[in-house]
Amino acid sequence: MPYIYEMIDAIKKYYDNLAPTYDSNRFENSYGKYIDQQERIFLKAILEKNSFKNTLDLGCGTGRFLEFADHGVDISPKMIEIAQSKFPEVVIKEGSVSNIPYPENYFDLIYSLHVIMHLDIKITEEFLAESHKKLNLNGKLIFDFPSKKRRKLINYKSTNWHAANDFSIAEIQKMTENNWKFKTYKGILFFPIHRFPTWIRPFFGKIDNFLCNSFLKEYASYIIVELEKK
């Protein structure tokens, strides 16, 4: 599987170079802030309903969601340096979605946000298998990905590995039917709210949230899912 290692190496180099400006470049603009807010709402709702002993932020980057985790794993040493400076109390290790450097059956919750979108179907399958090994029975896995139905609708074409991976819910259910219980999912960013005037965003935010939880949610830009190990 040489291509997998080449792809992982390319991702590692990309994020090492991006690390110093990642926070300001990706999540301090209106688009990034809105995505971050919606992902937090979903994640916090699950955290509030459950009691988790060991939690892992897989692909933790510079630590955007490390406040909710005991452990972090990332492929980029430079990103880890920044994350560790923000959260010195969290154990952060270098690894990948297909190589989580922890024992089997160790975690109650693994979440991986804005990560799978950069991989391909083969590595996504490895991610699911590796997460399954590292979770306890009934442990939960949360991750997001671009919606295939939305991309077909707008005729989106990727030019390289960055954000090139997308799925439909049917594809995710097929990939997970043997080893996972499919718990729930919702859409994120139905409208390009970040492009609207500031004064009208709260109004469209309510409509956006409604549609992202409706029968149309697969047509949002991203989908976030909750699985449970069986």
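Residues numbered from 1 in each chain as written. Predicted model: local features only at pLDDT ≥ 70, side-chain atom pairs only at ≥ 80, totals over all residues. Heavy atoms only, no water.

Describing the overall build of the chain
A count of helical and extended segments in the chain gives eight helices and seven strands. Here the chain has a C-alpha radius of gyration of 17 Å; the compact-globule value for 230 residues is 17 Å, and the two agree. With the C-alpha coordinates aligned to their principal axes, the bounding extent of the chain is approximately 45 × 40 × 40 Å. By residue count, 53% of the 230 residues in the chain fall in the buried class. Pairs at least 24 residues apart make up 70% of the contacts formed inside the chain by residues separated by at least 6 positions. Roughly 11,300 Å² of accessible area belongs to the chain as shown, and the carbon and sulfur atoms make up 54% of that amount. Taking the average location of the 32 positive side-chain charges in the chain and that of its 29 negative ones, the two points are 5 Å from each other. (Helix = DSSP H or I, 4+ residues; strand = E, 2+ residues; numbered from the N terminus. Rg over C-alpha atoms; globule rule 2.2 N^0.38 Å. Buried < 20%, exposed > 50% of the residue type's maximum accessible area, 1.4 Å probe, protein only. Contact = heavy atoms within 4.5 Å. Areas by Shrake-Rupley, 256 points an atom, 1.4 Å probe, with all protein chains shown as cover. Lys, Arg positive; Asp, Glu negative; His and termini not counted. Charge placed at Lys NZ, Arg CZ, Asp CG, Glu CD.)

Some details on the pattern of salt bridges
Applying the stated rule across the entire model yields 16 salt bridges. One salt bridge in this structure joins E218 and K149, with 3.5 Å as the shortest N-O distance. Remark: K149 occurs in helix α6 (residues 148-154) and E218 occurs in the loop between α8 (201-212) and β7 (222-229); sequence separation between them is 69 residues. Taking the relative accessible area as the measure of exposure, E218 reaches 11% and is therefore buried. Take K149: its relative accessible area is 34%, and that puts it in the partly exposed class. (Salt bridge = Lys/Arg side-chain N within 4 Å of Asp/Glu carboxyl O.)

A closer look at the packing of aromatic side chains
Counting across every chain of the model gives 15 aromatic pairs. Their ring planes at 40° and their centres at 5.9 Å tell us that F143 and F145 sit as a pair that is tilted. These aromatic residues form a ring-pair network of at least three members: Y14, Y15, Y22, F27 and W161. The residue whose ring lies beneath R64 is F27, and the NZ or CZ to ring-centre distance is 3.9 Å. (Phe/Tyr/Trp six-rings, centres within 6.5 Å; stacked < 30°, edge-to-face > 60°. Lys NZ or Arg CZ within 6 Å of the ring centre and 35° of its normal.)

With respect to α8
Because each turn of an α-helix spans 3.6 residues, side chains separated by three or four positions in sequence point in the same direction. When the terminal C-alpha atoms of α8 are compared, their 15 Å separation across twelve residues agrees well with the 16 Å that a helix rising 1.5 Å per residue should span. Buried residues of α8: G205, D208, L211 and C212, and no others. Across the axial projection of α8, the buried residues extend over an arc of 130°, all falling on one side. Pointing more than 90 degrees away from the buried face of α8 are the exposed residues P202, F203, K206 and F210. (Expected span 1.5 Å × (residues − 1). Arc of directions from axis to C-beta.)

Side note on the nonpolar core
In this structure, L58, I110, F127, L141, F143 and F145 are the most contacted members of the largest nonpolar core, which totals 36 residues. Broken down by element, this core gets its largest block of residues, five residues, from helix α1 (residues 2-18). The contact partners of F143, leaving out residues within four places of it in the chain, are S112, L113, I116, F127, L128, I172, I223, I224, V225 and L227. L47, F87, I188 and L189 belong to the second largest nonpolar core, which has 28 residues in total. (Core = buried A, V, L, I, M, F, W, Y, C linked by side-chain atoms within 4.5 Å.)

Functional significance is not addressed by these values, which are geometric in nature.
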